[in-house]
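Now for the letters of each chain:
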Amino acid sequence: MSDTSYLNWPFFAPHHGELSRRLDAWAGLHLSADHGDVDAQCRALVRDLGRDGWLTHAVAGTDVGGAGQVIDTRAICLIRETLARHDGLADFAFAMQGLGSGAISLQGSPEQRQRYLPRVARGEAIAAFALSEPDAGSDVAALSCSARAEGDSYVREGQKTWISNGGIADFYVVFARTGEAPGSRGISAFIVDADTPGLSIAERIEVIAPHPLARLAFDNCRIPASQRLGAAGEGFKLAMRTLDVFRTSVAAAALGFARRALDEALARARSRQMFGGVLADLQLTQAKLAQMATAIDSAALLTYRAAWQRDQGQAVTREAAMAKMVATENAQQVIDAAVQIWGGLGVVSQMPVERLYRDIRALRIYEGATEVQQLIIARELLKGGA
Ligand SMILES: Cc1cc2nc3c(=O)[nH]c(=O)nc-3n(C[C@H](O)[C@H](O)[C@H](O)COP(=O)(O)OP(=O)(O)OC[C@H]3O[C@@H](n4cnc5c(N)ncnc54)[C@H](O)[C@@H]3O)c2cc1C
């Protein structure tokens, strides 16, 4: 097991350390990184995480099965970090239950909350978050998927792509242009059940770290107005608020991957015989290990500062962007160094460091690429006027 002394940092309350240790023990018993059919594996992971209570942290409101009235950012970060250290797909399953239902936790009507959140928390319904489109990724306010009001329904047309859990989700929180105002002020959010006529999976997308991912097509897809989340025209703000809750947890997942890579690198460096000793005796190896450990601690400090600050009710736009950028970029470097330490074995398919090398890559792109985080940080600095 990794060094867990960081759990004594002042960012945490005693129950956070306890949560992390319990989950680590659970993960040791229940998770394996060997996946066959990722759809089946993902469904099983959601079921197991729900059955054993971990998904209660992914929804807000004790009345709907949540662990607390609001999402405890430090808890979801520790959960993602721990799951990522054991199995990237388990982290994905947990994260998507939170991200996919986050807009309902934040803005759902009492009926919507009761209908969806208890099942999400028990692992009985799989959630997805559908914002990106083929022509609107980083520039997400350019989205063109539309929803036209018609009587007491909306009729949706268009496409969404890169949708995690696409193909296995029971419902999708989908953002569409409803036209109340130009740009980001003319977008609304809807909950669309997977079996709604007119919604189809246009394409399954294979990525380097396999997980359910799809392009969705809406063709004359009629949704009752009661499935709209929040007020018409307020969807973009809701999407940004949802991403704000979970952005710091992407940093935590990267941290989990990086910690695992350091563990693997240390184990190999201590045992690999060469030049009359072991790899760890060589100073160039020691320099690499020192860089890796320092990169991890700097990422962890930024991540848990942002999580703590959010849990105090403070704005974290700048801090979460710094955490996401540094933790994902540092993890990429740490994992690359671990592959190097493992030599040829490091690039053999399904070796732990080879899996980590694939697992980390997308985190520098989704939920705001590194360049987008840089722009956010700079914008926050410049508006300070100092
Ligand atoms: C594995 C995976 C899972 C995903 N899951 C989901 C999901 O569940 N739901 C969902 O809605 N979306 C999801 N996405 C989509 C993701 O959020 C987008 O891929 C991301 O926003 C980038 O959009 P894009 O791919 O269209 O790249 P583009 O917008 O074309 O950007 C390409 C590159 O341009 C660079 N760039 C961006 N902005 C700037 C700038 N201002 N200046 C300079 N360079 C810049 C960045 O390097 C960026 O990677 C997922 C993506 C992946 C890869």
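Calculation rules
- Residues numbered from 1 in each chain as written.
- Predicted model: local features only at pLDDT ≥ 70, side-chain atom pairs only at ≥ 80, totals over all residues.
- Heavy atoms only, no water.
- Phe/Tyr/Trp six-rings, centres within 6.5 Å; stacked < 30°, edge-to-face > 60°.
- Lys NZ or Arg CZ within 6 Å of the ring centre and 35° of its normal.
- Salt bridge = Lys/Arg side-chain N within 4 Å of Asp/Glu carboxyl O.
- Helix = DSSP H or I, 4+ residues; strand = E, 2+ residues; numbered from the N terminus.
- Buried < 20%, exposed > 50% of the residue type's maximum accessible area, 1.4 Å probe, protein only.
- Near = heavy atom within 4 Å.
- Polar contact = N/O pair within 3.5 Å; in protein donor to acceptor, adjacent residues only side chain to side chain.
- Areas by Shrake-Rupley, 256 points an atom, 1.4 Å probe, with all protein chains shown as cover.
- Nonpolar A, V, L, I, M, F, W, Y, C, P; charged D, E, K, R; others polar.
- Pairing = 2+ DSSP bridges.
- Core = buried A, V, L, I, M, F, W, Y, C linked by side-chain atoms within 4.5 Å.
- Contact = heavy atoms within 4.5 Å.

1. Description of the packing of aromatic side chains
- Summed over all chains, the structure comprises nine aromatic pairs.
- Among the aromatic residues, ring-to-ring pairing joins Tyr6, Trp9, Phe11, Phe12, Tyr304 and Trp308 into one connected group.
- Stacked on the ring of Phe218, the Lys or Arg Arg156 has its end atom at 4.4 Å from the ring centre.
- Note that Arg268 overlies the ring of Trp342, its terminal NZ or CZ placed 5.2 Å from the centroid.

2. Here we look at the pattern of salt bridges
- One pass over the full model with this rule turns up 23 salt bridges.
- For the salt bridge of Asp311 with Arg74, the shortest nitrogen-to-oxygen distance reads 2.7 Å. Remark: Arg74 occurs in helix H3 (residues 73-86) and Asp311 occurs in helix H7 (residues 283-311); sequence separation between them is 237 residues.
- Relative accessible area serves as the criterion here: at 12%, Arg74 is assigned to the buried category.

3. Brief notes about the environment of Ile377
- Within the secondary structure, Ile377 is located in helix H10 (residues 370-383).
- Here the alpha-carbon distance between Ile377 and Ala321, two residues 56 residues apart in the chain, equals 6.5 Å.

4. A short note on the site of the ligand
- Taken together, 19 residues sit near the ligand, with Phe129, Ser132, Ser138, Trp162 and Glu371 positioned nearest.
- A distance of 2.8 Å separates an oxygen atom of the ligand from a polar atom in the side chain of Ser138.
- Within the side chain of Ser164, one N or O atom sits 2.9 Å away from a nitrogen atom of the ligand.
- Burial of the ligand by the protein amounts to 67% of the accessible area it has alone, namely 980 Å².
- Going through the elements one at a time, strand S1 (127-130), strand S3 (153-164) and H10 are the ones with two or more residues in the shell around the ligand.
- Residue classes in the shell around the ligand are distributed as twelve nonpolar, five polar and two charged.

5. Quick notes on the pairing of S1
- Of the two faces of S1, the one holding Ala127 and Phe129 and the one holding Ala128 and Ala130 are both buried throughout.
- Looking at chain direction, S1 and strand S4 (residues 171-177) are connected through four bridges and run parallel. Of the residues in S4, the one forming a bridge with Ala130 is Val174.

6. Quick word on the nonpolar core
- If you look at the biggest cluster of nonpolar residues, it comprises 74 residues, and the most contacted ones within it are Leu83, Phe171 and Phe175.
- For this core, the element with the highest residue contribution is helix H4 (residues 88-107), accounting for nine residues.
- Other than its neighbours up to four places away in sequence, Phe175 contacts Phe129, Ala130, Leu131, Leu143, Cys145, Arg156, Lys160, Ile187, Ser188, Ala189, Gly235 and Ala239.
- Ala338, Val353, Ile360 and Leu363 belong to the second-largest nonpolar core, a separate cluster that totals 52 residues.

7. Brief notes about the environment of Ser153
- Structurally, Ser153 is set in strand S3.
- C-alpha separation for the pair Ser153 and Gln97, spaced 56 residues apart in sequence, amounts to 27 Å.
- When residues no more than four places from it in sequence are discounted, the contact partners of Ser153 are Arg148, Arg222, Ile223, Pro224 and Ala225.

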